[in-house]
Each structure stands twice: as C-alpha cells, then as structure tokens.
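Read off the chains here:
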Amino acid sequence: MQCYFLGTGAGVPSRNRNVSSLALIMPEYHGQIWLFDCGEATQHQIWDSPVKLAKINRLFITHLHGDHLFGLPGVLGSRSFQGATSPLTLYGPKGIRAFVEITLKTSHTFLRYPLEIVEMEGDDCQFEAPPFSIRAKKLDHGIPSYGYRLEEPDQPGRLNVEKLEKSGIPPSPHYRLLKEGKTVTLPDGRVLKGEDYVSSPKKGRTLAILGDTRYTPEACLLANRCDLLIHEATYRRDQEDLARKYFHSTCTQAAAVAKEAGVKHLILNHISTRFQEEECKALLQEARAVFPSTDLARDRWSYTLPPHGAS
C-alpha cells in the first residue's frame with residue numbers, strides 16, 4: 001500500500017509544488033486507487049505517475065476550497081474520455097454534488113460510468129468502504145473540512161503447514177477449516193484445534209488523512225495510534241498567529257498531534273509556496289524536534305506503508 005503525493009502545496013501552484021492531491025495505491029486490493037483531494041492540474045500530475053484514472057474507484061474531497069477541488073471536473077471527464085466504465089464513488093462535504101453537477105452540465109461533459117456522490121453532514125460520520133472502515137470528523141477550518149481515518153480489518157494468521165506435516169497430516173480440506181480457527185476430527189479420531197496451528201492475527205493498518213485545519217483535538221482522535229498520519233503544515237513554528245488567523249497549522253502543531261495521538265509516522269503536507277528548499281528543510285527539522293519520525297512530502301514522492309502486522 002503506497003501513498004503517492006501528486007500535489008503538496010498550499011493555496012496556489014508553484015514551480016515546485018502543485019496544489020493538493022494524494023493517491024492511495026493498493027495493489028493488494030485488486031489494484032484499487034483512492035484519491036484524496038483533487039486540486040487544479042491533478043490530471044497533469046497523474047500523467048507522470050503510477051496512478052491510472054480507470055483504477056480510481058473512490059475519491060474523497062476534504063473541503064470545498066479551490067486548491068483541493070478545482071481539478072475534479074477534469075479528472076472525472078478524462079476518466080470517461082479514456083473509456084473507463086467502472087463505477088466511481090465521490091465523497092465530500094455538502095455542496096460537492098452541486099459543484100459536480102453544475103460543472104459537468106455547463107461543460108456538456110457526459111460520463112460513461114456510474115458516479116455516486118455521498119455528501120457528508122455533521123461533525124462525525126462513519127461508513128464502510130472496503131477494504132476499510134472509515135470515520136470522517138469535521139476539523140477547524142472556517143468552512144466544513146474533514147479528516148478521514150481509514151481502518152483496515154485484522155488479517156487471519158498464517159497456517160503452520162510445517163507443523164501439520166510433521167504431525168502426519170497431508171494437505172486436505174481440513175487445512176482450510178483449521179485456518180478459519182475451527183476444530184476438526186480426522187478419520188483416525190484425532191481432534192485438532194485451529195488455534196493450535198494458526199499464528200496470531202495480523203493487525204490491520206490504520207492511517208489518517210486530514211484536510212486543512214487549525215490545531216484541534218479532533219485531529220488527535222482521528223489519528224489515535226495510527227500507523228500513518230498525513231497532516232497539513234502550512235506554516236513554520238514561529239507563525240502560529242498566522243496559522244490561527246487563516247485556519248491552518250504549523251509544522252510543530254502537526255508534530256504535537258502526532259506525538260499526542262501516538263502515531264508511528266507523520267508526513268507533513270500542504271506546504272506554503274513561500275517556502276523554498278532550505279526553508280522546507282528547516283520546517284522539517286522543527287517538526288522532528290517534537291516528533292522524530294516525520295517526513296515532509298514533495299510532489300511525486302511516495303511512502304509505502306509496512307505490511308500487515310509489521311512493527
């Protein structure tokens with residue numbers, strides 16, 4: 001499972017950073033790709049990436065500011081122009097339906113595939129989107145802005161085939177029953193318990209992908225014990241007043257959320273275009289002083305989540 005950053009800048013595109021878009025690429029789940037936010041020129045960023053429009057089957061919008069939204073009509077249309085016919089589900093705050101319907105109607109864009117639009121209302125929403133259970137909570141950004149927590153189910157443990165073979169039990173339908181944790185009786189009368197031949201379940205992975213927000217306890221709730229937290233860091237440590245004024249977070253506030261929530265790894269995203277390379281390095285160091293296991297995203301960079309049960 002790979003997080004691929006298509007755009008990592010805040011507000012407007014720059015020479016080094018496009019505006020917000022993140023792809024979650026899941027080869028272990030039939031190659032599904034989920035997109036989180038879709039800023040202007042996202043489809044241009046996709047051309048030089050491992051993302052395929054036809055493989056995108058879920059698209060999540062955190063909030064309705066243009067730098068997270070203006071690329072959506074182009075992506076929806078191009079997915080159709082390229083011949084995709086598989087369904088796509090779009091999630092976002094109330095108003096996303098009107099935006100999509102008006103832009104597609106005005107531009108006379110016809111979609112060849114079914115598009116389902118799910119509008120979220122309220123402070124806390126929960127729903128299933130296989131392979132994840134998803135919780136969305138409203139953050140603090142002036143307009144409704146959501147963070148998403150993705151929880152993968154635990155995976156069954158490994159069947160100890162070597163132990164079975166040493167016990168003189170060749171491959172048979174009993175293997176499947178034992179792997180399911182069931183008790184079986186062999187023709188010779190022996191009774192085998194699945195728990196004796198299957199390792200402990202592998203813990204499912206969890207990640208939190210947040211929209212724009214001030215520092216808020218809601219972010220900590222979404223990120224609690226996550227394997228990965230992706231949090232905006234529009235400003236540096238000494239710019240908390242600006243962050244509060246414009247409903248954003250500093251790099252150290254993002255790091256504080258990661259520390260308080262007990263996450264394994266933090267990625268800083270949504271970086272102000274005012275910061276050049278050296279300032280970005282300083283921003284990262286400021287965050288690492290609070291939470292050492294931190295990276296700073298850049299366009300066309302990816303982070304691979306460890307497999308199930310990895311420490």
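What counts as what
- Residues numbered from 1 in each chain as written.
- Predicted model: local features only at pLDDT ≥ 70, side-chain atom pairs only at ≥ 80, totals over all residues.
- Heavy atoms only, no water.
- UniProt positions renumbered as here; feature names shortened; annotations may be inferred.
- Buried < 20%, exposed > 50% of the residue type's maximum accessible area, 1.4 Å probe, protein only.
- Helix = DSSP H or I, 4+ residues; strand = E, 2+ residues; numbered from the N terminus.
- Arc of directions from axis to C-beta.
- Contact = heavy atoms within 4.5 Å.
- Pairing = 2+ DSSP bridges.
- Axes fitted to C-alpha atoms, helices over the stretch in contact; angles between N-to-C directions.
- Polar contact = N/O pair within 3.5 Å; in protein donor to acceptor, adjacent residues only side chain to side chain.
- Phe/Tyr/Trp six-rings, centres within 6.5 Å; stacked < 30°, edge-to-face > 60°.
- Lys NZ or Arg CZ within 6 Å of the ring centre and 35° of its normal.
- 1 Å grid on protein atoms, 1.4 Å probe; cavity = no way out; pocket = protein on both sides within 12 Å on 5 of 7 lines; lining within 4 Å.
- Points joined across faces, edges and corners; volume = space filled by probe spheres on them.
- Nonpolar A, V, L, I, M, F, W, Y, C, P; charged D, E, K, R; others polar.

Looking at an unreviewed UniProt entry, one finds the protein chain named Ribonuclease Z and attributed to Thermoactinomyces intermedius. Listed under Subunit (unreviewed entry) in UniProt, the entry text for the protein chain is "Homodimer." Under the Catalytic activity (unreviewed entry) heading, UniProt states for the protein chain: "Endonucleolytic cleavage of RNA, removing extra 3' nucleotides from tRNA precursor, generating 3' termini of tRNAs. A 3'-hydroxy group is left at the tRNA terminus and a 5'-phosphoryl group is left at the trailer molecule."

A. Representation of helix H3 (residues 96–106). Within H3 the residues assigned to the buried category are Ile96, Val100 and Leu104. All buried residues of H3 lie within an arc of 50° about the axis, which places them on one face of the element. Turned more than 90 degrees off the buried face of H3, the exposed positions are Ile102, Lys105 and Thr106. Those residues of H3 that are buried are in contact with helix H2 (72–81), strand E6 (88–93) and strand E7 (115–120). Just downstream of H3, His108 is the residue with a positive phi angle, here 55°.

B. Quick look at the sheet that holds strand E14 (residues 228–232). Reading across from one edge, E8-E9-E10-E13-E14-E15-E17 is the order of the 7 strands in this open sheet, with mixed pairing throughout. The sheet is open, and its two borders are formed by strand E8 (124–129) and strand E17 (294–296), each paired with just one other strand. Between one strand and the next, the sheet's axes are offset by a mean angle of 20°, whatever the strand orientation. Two strands pair when backbone bridges link them, and strand E13 (residues 206–210) and E14 are joined in this way by 3 bridges, in the parallel orientation.

C. Layout of the environment of Asp154. Secondary-structure assignment places Asp154 in the loop between strand E10 (146–151) and helix H4 (161–166). Along the sequence, Asp154 and Asn57 sit 97 residues apart, while their C-alpha atoms lie 23 Å from each other. When neighbours within four sequence positions are excluded, Asp154 is seen to be in contact with Lys202, Lys203 and Gly204. In this structure the side chain of Asp154 is engaged in a polar contact, spanning 2.9 Å, whose partner is the backbone nitrogen of Gly204.

D. Broad picture of the packing of aromatic side chains. One pass over the full model with this rule turns up 8 aromatic pairs. An angle of 10° between the planes, with centres 4.7 Å apart, marks the rings of Phe36 and Phe60 as stacked. Residue Phe36 is located in strand E4 (residues 32–36), and its partner Phe60 is located in strand E5 (residues 56–60); the two are separated by 24 residues in the primary sequence. With centroids separated by 5.2 Å and ring planes inclined at 70°, the aromatic side chains of Phe60 and Tyr148 adopt a geometry described as edge-to-face. In this pair, Phe60 sits in strand E5 while Tyr148 sits in strand E10, placing the two residues 88 residues apart along the sequence. In this structure an aromatic cluster arises from ring pairing among Trp34, Phe36, Phe60, Tyr91, Phe127, Phe132 and Tyr148. Over the face of the ring belonging to Tyr113 we find Arg79, whose NZ or CZ atom lies 4.4 Å from the ring centre. Between Lys163 and the ring centre of Tyr197, over which it is positioned, the NZ or CZ distance is 4.9 Å.

E. Examining empty space enclosed by the protein more closely. Counted by the stated rule, this structure contains 1 cavity of 30 Å³ or more. The calculated volume of the largest cavity comes to roughly 140 Å³. Along the wall of the largest cavity there are 17 residues; nearest its centre are Ser20, Asp37, Ile209, Leu210 and Asn269. Looking at the lining of the largest cavity, the elements that each hand over two or more residues are strand E3 (21–26), E13 and E14. Here the lining of the largest cavity takes 3 residues from E14, the largest share from any one element. Split into classes, the residues belonging to the lining of the largest cavity amount to 5 nonpolar, 9 polar and 3 charged.

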